[in-house]
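Notes for the structure review
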Amino acid sequence: MLANLNLAVLLVYLGAIFACGCWFAVRKQTPDAFMAASRSLPGWAIGLSMFGSYISSISFLANPGKSYATNWNAFVFSLATPLAAAVAVRWFVPFYRNSGHVSAYEHLERRFGRWARTYAVTCFLLTQVARMGTVVYLLALAVSPLTGWSPFTTVLVTASLMTFCAFTGGISALVWIGVLQAFVLITGTLICLVTLLDKAAGGLRGIVETAFDSGKLSLGSYEPSFSEPTVWVLLLFGLVTHLTNFGVDQSYVQRYITARSDREAAQSIWLTTALYVPVAAIFFFIGSGLAVFYGAAPEVLPSQLKADHVFPHFISTELPPGMAGLVVAAIFAASMDSNLSSMATLTLCDVYRPYLRPQAGPRESMAVLRISTLVWGAVSAGVGLLMIRTGSALDAWWTLAGVFSGGMLGLFLLGLFSRVDNAAAAMAVAIGVLVIMWMTAPLVIDVPPTLSNPWHAHMTMVVGTLVIFLAGQLISFCCTKAE
């Protein structure tokens, strides 16, 4: 458990987040300011905020655990980020900023009909509830032994602060608090790295030589196989995931819509990429370093400790007084990236106005934004608390969310890069979702070997996206020929 000094550092950080929320609370908000910050934010702040979104508690704790137990194979996922960023800057940024809409899915209704817009919104909201519940759940499991707080308390504190800040400041609060969190994240990560280099025998050279000789620095297999997590599978999976983030995910799209200019919006994406790739590398290096450090002194590591728990153990036992508190604050920072303002924006723009009150005025719109922020915050906290009691629900919930969200990028690409009509797009999405359900079925139910998916799980989104895009093109071509 953290000493009093470390707990004091953590409480100071949480107090700073609460103070930021209070500062936004005294500012007058309009719907445009709440959803788009009146398109006045600097690119560097947006970039730091998006970087914070990329580094969640999953990255902070699970990635060192992966390289500690195996190698750097999962890091290949990060190497696809620059290519996705180039595509986003070239096509996605000008497309969304020229559309004039805050919602990333409003154009789908004009392109394919209301079903496409509703489908995308539903997918995003389901996925974000699953994501936020998962993040606070994993945070609670990781830091509760360090702080002495119960998992229940940790989830409530985290979810309450996220909801409060989103409620008071909307997207502006998300971006500026994200700036603070990014600095805490980077500082905490560097503290861990420096401490590890100081304590490991031989320092940097010793870690690199030992880890290289034991295969800990390997990126994995380069075999042309899609049934194992080869380098090629991770690259494809990373590319599709990052394209989905920059091109379809409302929480990212909404942030670069807030930029003062197209140039600053593009700069925000490049800044995100420039920070994310090296910081991800540091996390994997820390895992390799921990393997070398504890390999030389196994007696200081509790027996039967899981790989994901080795890094938290190092934080609580090896960091200097006060530094452990700052690092735990960094873990909180990685977990407190809230997409509640994006979820509230979609509730107003894509649900309330189209279906209930098309002529809703500013006062009514602000009420809907604030109420939906509270509702989605409570739902996300509830999912996190539910996962504490029934951890087995995590995989099933995430799998079901992946089934539906897997078609979003394919549908978006059809709308942007093809002339496919409404009917062909609907048929393509239906085919794609069926393929994704077939590929993920073995994770939920028993499937005969002859009918099981031969590809690795990381290929699900890749195949689903390609099937939707290619099926849409083929159906459209066949219909044109038939005419």
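Residues numbered from 1 in each chain as written. Predicted model: local features only at pLDDT ≥ 70, side-chain atom pairs only at ≥ 80, totals over all residues. Heavy atoms only, no water.

1. Considerations on the packing of aromatic side chains
In this structure the tally under the stated criterion is 20 aromatic pairs. Summarising the aromatic geometry, the rings of Phe 293 and Tyr 294 are spaced 4.8 Å apart at their centres and angled 70 degrees between planes, so their arrangement reads as edge-to-face. For Phe 293, a relative accessible area of 13% corresponds to the buried category. Residues Trp 438 and Trp 455 carry aromatic rings whose centres are separated by 6.5 Å and whose planes lie at 80 degrees to one another, so their mutual orientation is edge-to-face. Taken together, the residues span a long stretch of sequence, with Trp 438 in helix H20 (residues 422–440) and Trp 455 in the loop between H20 and helix H21 (459–482) at a distance of 17 residues. An aromatic cluster of three or more residues is present, and its members are Tyr 54, Phe 246, Tyr 252 and Tyr 276. Note that Arg 255 overlies the ring of Tyr 252, its terminal NZ or CZ placed 5.4 Å from the centroid. It is Arg 370 that lies over the ring of Phe 167; its NZ or CZ is 5.2 Å from the centre. (Phe/Tyr/Trp six-rings, centres within 6.5 Å; stacked < 30°, edge-to-face > 60°. Buried < 20%, exposed > 50% of the residue type's maximum accessible area, 1.4 Å probe, protein only. Helix = DSSP H or I, 4+ residues; strand = E, 2+ residues; numbered from the N terminus. Lys NZ or Arg CZ within 6 Å of the ring centre and 35° of its normal.)

2. Regarding the environment of Ile 177
Along the polypeptide, Ile 177 turns up in helix H9 (residues 151–199). For Ile 177 and Leu 126, which are 51 residues apart along the polypeptide, the C-alpha to C-alpha distance reads 24 Å. Non-local contacts of Ile 177, meaning those with residues more than four positions away in its chain, are made with Ile 17, Cys 20 and Cys 165. (Contact = heavy atoms within 4.5 Å.)

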